[in-house]
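Working through the structure, step by step
Okay, here's what each chain looks like letter by letter:
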Amino acid sequence: TLSDFLDTVGELTHSDRKQIDEQALVLMQENFVHLPLKKAMHGVDPLQKLRLIQHRLEDASEETMTNEFQFHREMIDVFTAVRDLHTNYLLPAPFANNIAFLPFDIEECFDENGTPQYIASHFVQGFSHEHFQRGVIIHTWNAVPIARAIEVCADQHAGSNSDARHVQGIDGLTIRAMQRSLPPDAHWVIIGYTDLNGVEREL
């Protein structure tokens, strides 16, 4: 389970973090040829963010540094902000070798009025449920309207335009390679949906 996995993480030392931040600065400042374009396109300054992380690390010690999740989250935010799929922050073990997932995919389709709908599809082998089946329409995600939940998830991905991030936001709700993103904050999800008989349900 996710909670079992989280008990195994947190081995990045203070020295490790400083080295990672220093190497990220070298990468962004000396090798990322698209940096001026990305700064202009997206209004971001990854170098300044990395310097701020560096400053906080200089003031911290092994005992006072933030938890490992916070460090990785800040580093991911730096790289995600430039919206470049070829410039990534890849997490170390044990994140790199694991995937967080729910046993189905979500797909976007449109009704006769062109309104987007989100349906469950591609269930993993062995999963079965009396009402939650392929084709059910998903309305809410932890009480958040599904369209908004997708927007929030999309902001965590590095698609270079809104359409690309939207697609990644849909995919990221149910499958997340932890080499590129942290585990989800929620340890479980309450899904509001309409079953194939038109009945409103929750799972």
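A brief look at the structure comes next.

What counts, and at which threshold
- Residues numbered from 1 in each chain as written.
- Predicted model: local features only at pLDDT ≥ 70, side-chain atom pairs only at ≥ 80, totals over all residues.
- Heavy atoms only, no water.
- Core = buried A, V, L, I, M, F, W, Y, C linked by side-chain atoms within 4.5 Å.
- Buried < 20%, exposed > 50% of the residue type's maximum accessible area, 1.4 Å probe, protein only.
- Helix = DSSP H or I, 4+ residues; strand = E, 2+ residues; numbered from the N terminus.
- Contact = heavy atoms within 4.5 Å.
- Axes fitted to C-alpha atoms, helices over the stretch in contact; angles between N-to-C directions.
- Parallel < 35°, antiparallel > 145°, perpendicular 65-115°, else oblique.
- Left-handed = near helix turned anticlockwise from the far one by under 90°.

Here we come to the nonpolar core. Ranked by internal contacts, the top residues of the largest apolar core, which has 26 residues, are Met 28, Leu 50 and Met 75. For this core, the leading source of residues is helix H5 (residues 68-81), giving six residues. Every residue in contact with Leu 50, bar those within four places of it in the chain, is listed here: Asp 21, Ala 24, Leu 25, Met 28, Met 75 and Val 78. By size, the runner-up hydrophobic cluster in this structure holds 16 residues, among which are Ala 149, Cys 153, Ile 170 and Tyr 193.

On to the packing of helix H2 (residues 14-31) against helix H4 (residues 46-59), then. Two measures define how a pair of helices packs: the angle their axes make with one another and the distance between the axes. It is at 10 Å that the axes of H2 and H4 come closest, and there the two elements cross at 160 degrees. Put simply, H2 runs roughly antiparallel to H4. When you trace H2 past H4, the crossing you get is left-handed. The residues of H4 that touch H2, namely those facing His 14, Arg 17, Lys 18, Asp 21, Glu 22, Ala 24, Leu 25, Met 28 and Gln 29, are Pro 46, Leu 47, Leu 50, Arg 51, Ile 53, Gln 54, Leu 57 and Glu 58.

With that out of the way, let us pick up unusual backbone geometry. Cis peptide bonds are those with omega within 30 degrees of zero, and the linkage from Ala 93 to Pro 94 qualifies with 5 degrees. Note that Pro 94 resides in the loop between H5 and strand S1 (99-101). In this structure, Asn 142 is a non-glycine residue whose phi angle is positive, near 55 degrees. Here Asn 142 is to be found in the loop between strand S4 (137-141) and strand S5 (144-145). Under the relative-accessibility criterion, Asn 142 is labelled partly exposed at 31%. For Ala 143, which is not a glycine, the phi torsion comes out positive at approximately 70 degrees. With respect to the secondary-structure elements, Ala 143 resides in the loop between S4 and S5.

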